[in-house]
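# Summary of structural features
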Amino acid sequence: MAGSFSAHVRRVTVALFVLQLALLPMMAIASDADPEQDFCVADPNNPTIFNGLVCKNPALVNGTDFKSTVLATPGNTNNPLGSMVTAAAAGQFPGINTLGISMARLDFAKGGLVPPHTHPRATEIIFVVEGSLFVGFVSTDGTLYATTLQKGDVFVFPRGLLHFELNVCDGTGTAIAALNSQNPGTQIQAVALFNSGISEVVLEKAFGLGEKAVQKIEYAVEAVYKKP
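A brief look at the structure comes next. This structure is a prediction, so every number in the text was calculated from the model and none was measured.

Thresholds, definitions, all that
- Residues numbered from 1 in each chain as written.
- Predicted model: local features only at pLDDT ≥ 70, side-chain atom pairs only at ≥ 80, totals over all residues.
- Heavy atoms only, no water.
- Disulfide = S-S within 2.5 Å.
- Helix = DSSP H or I, 4+ residues; strand = E, 2+ residues; numbered from the N terminus.
- Buried < 20%, exposed > 50% of the residue type's maximum accessible area, 1.4 Å probe, protein only.
- Pairing = 2+ DSSP bridges.
- Axes fitted to C-alpha atoms, helices over the stretch in contact; angles between N-to-C directions.
- Phe/Tyr/Trp six-rings, centres within 6.5 Å; stacked < 30°, edge-to-face > 60°.
- Expected span 1.5 Å × (residues − 1).
- Arc of directions from axis to C-beta.
- Contact = heavy atoms within 4.5 Å.
- Polar contact = N/O pair within 3.5 Å; in protein donor to acceptor, adjacent residues only side chain to side chain.

## Brief notes about the state of the cysteines
All told, the structure shown has one disulfide when counted by the stated rule. A disulfide bridge connects Cys-40 with Cys-55, and the sulfur atoms are separated by 1.7 Å. Its torsion about the S-S bond being -105°, the disulfide of Cys-40 and Cys-55 is classed as left-handed. Here Cys-40, found in the loop between helix 1 (2–28) and strand 1 (83–88), pairs with Cys-55, found in the loop between helix 1 and strand 1; they are 15 residues apart in sequence, far enough to count as distant. Cys-40 gets classed as buried once you look at its relative accessible area, which sits at 2%. Look at Cys-55 and you get partly exposed, because its relative accessible area is 37%.

Spelled out as structure tokens, the structure:
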């Protein structure tokens, strides 16, 4: 009987080990895949769609493909949030295609806010160029980790966690962000919940609100995030 039990334990242990080995490739590609060549400048004119961007013919690549001025100009903060995020991901900066990195410029008017949002495919680190920012993220157990940053400070937001940035100085603010994905993705929570078509019944139950309260929030979110 003891021998039979021991054999069963060994079979279970071996099965778990095999399962772990099978999952290793999936774990390895959980973030951007490693490049298979020196570079792969994205070709915005190629209509082919797949998980990434098509490479430009290397014979047509030159030094200017690895330069971008997309972050040189301050973003227009004349909007309800008083902020503007300018991305330099593969879609805006073809030279970083397949390199697993991207950047963004965050511009703030006085009191400007980059609202709670997530990047499902990247960890983000920001550097405060000017101003003072109150920033924070919420862990999966619901704990808020927040602090105030001054010029020259750096702060990191772990991958996939809800986070925000609020300008708390008397003037404008600017920060530069770096992310470890060429296409980090951004999901703004207010839009995802109240401007995506989720049933109002779901929202009423989820937030303990009545129908009119949910509709009021939906109208407010639509007004704040409407496209110009």
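Moving on from the coordinates now.
## Structural notes on the pairing of strand 8 (residues 162–167)
Taken together, the three bridges between strand 3 (residues 113–118) and strand 8 define a ladder with antiparallel strand orientation. When the bridges of strand 8 are listed, Val-114 appears paired with Glu-165. The sheet contact formed by strand 5 (residues 133–138) and strand 8 spans six bridges and is antiparallel. Counted as the bridge partner of Val-138 is Leu-162 from strand 8.

## A look at the sheet that holds strand 7 (residues 154–157)
Sheet architecture is open: five strands sit in the order 1-2-9-4-7, paired in antiparallel fashion. Two strands lie at the open edges of the sheet, namely strand 1 and strand 7, each paired on one side alone. Each strand of the sheet is rotated relative to its neighbour by a mean of 20°, with strand direction disregarded. Pairing geometry for strand 4 (residues 124–130) and strand 9 (residues 173–179), over six bridges, is antiparallel. Residue Val-128 lies in a different strand from strand 9, and its bridge partner there is Ala-175.

## As for the packing of aromatic side chains
In total, this model carries five aromatic pairs according to the counting rule given. The interplanar angle of 25° and the centroid separation of 5.3 Å between the aromatic rings of Phe-137 and Tyr-145 together place this pair among those described as stacked. On the basis of relative accessibility, which here comes to 12%, the residue Phe-137 falls in the buried class. These aromatic residues form a ring-pair network of at least three members: Phe-137, Tyr-145, Phe-155 and Phe-157.

## Thoughts on helix 4 (residues 211–225)
Here helix 4 is 15 residues long and its end C-alpha atoms lie 21 Å apart, about the 21 Å a rise of 1.5 Å per residue gives. For helix 4, every residue scored as buried is listed here: Val-214, Glu-218 and Val-221. Down the axis of helix 4, the smallest arc covering the buried residues is 70°, so these residues share one side. Exposed side of helix 4, more than 90 degrees from the buried face: Lys-212, Lys-216 and Tyr-219 are the residues found there. Of the surrounding elements, those touching the buried residues of helix 4 are helix 2 (189–194) and helix 3 (200–207).

## Things to note about the pairing of strand 6 (residues 144–149)
Across six bridges, the pairing between strand 5 and strand 6 is antiparallel. Considered in strand 6, the bridge of Leu-133 is made with Leu-149.

## What about the side chain of Asn-167?
Examined against the element boundaries, Asn-167 turns out to sit in strand 8. Note on Asn-167: relative accessible area 3%, which makes it buried. Within the local environment of Asn-167, its side chain forms a polar contact with the backbone oxygen of Ala-109, the two atoms lying 2.9 Å apart. Only 3.2 Å separates the side chain of Asn-167 from the backbone nitrogen of Cys-169, close enough to count as a polar contact.

## Structural notes on the environment of Lys-67
Mapped onto the elements of the fold, Lys-67 is located in the loop between helix 1 and strand 1. Looking at Lys-67, the relative accessible area reads 60%, which means it is exposed.

## A short note on the sheet that holds strand 10 (residues 187–188)
Sheets are built from strands that pair by backbone hydrogen bonding, the pairs being arranged parallel or antiparallel. Taken together, five strands build an open sheet; the order of strands is 6-5-8-3-10 and the sheet is antiparallel. The outermost strands of the open sheet, each flanked by one partner alone, are strand 6 and strand 10.

Interpretation note: all reported values are geometric properties and have no functional meaning in isolation.
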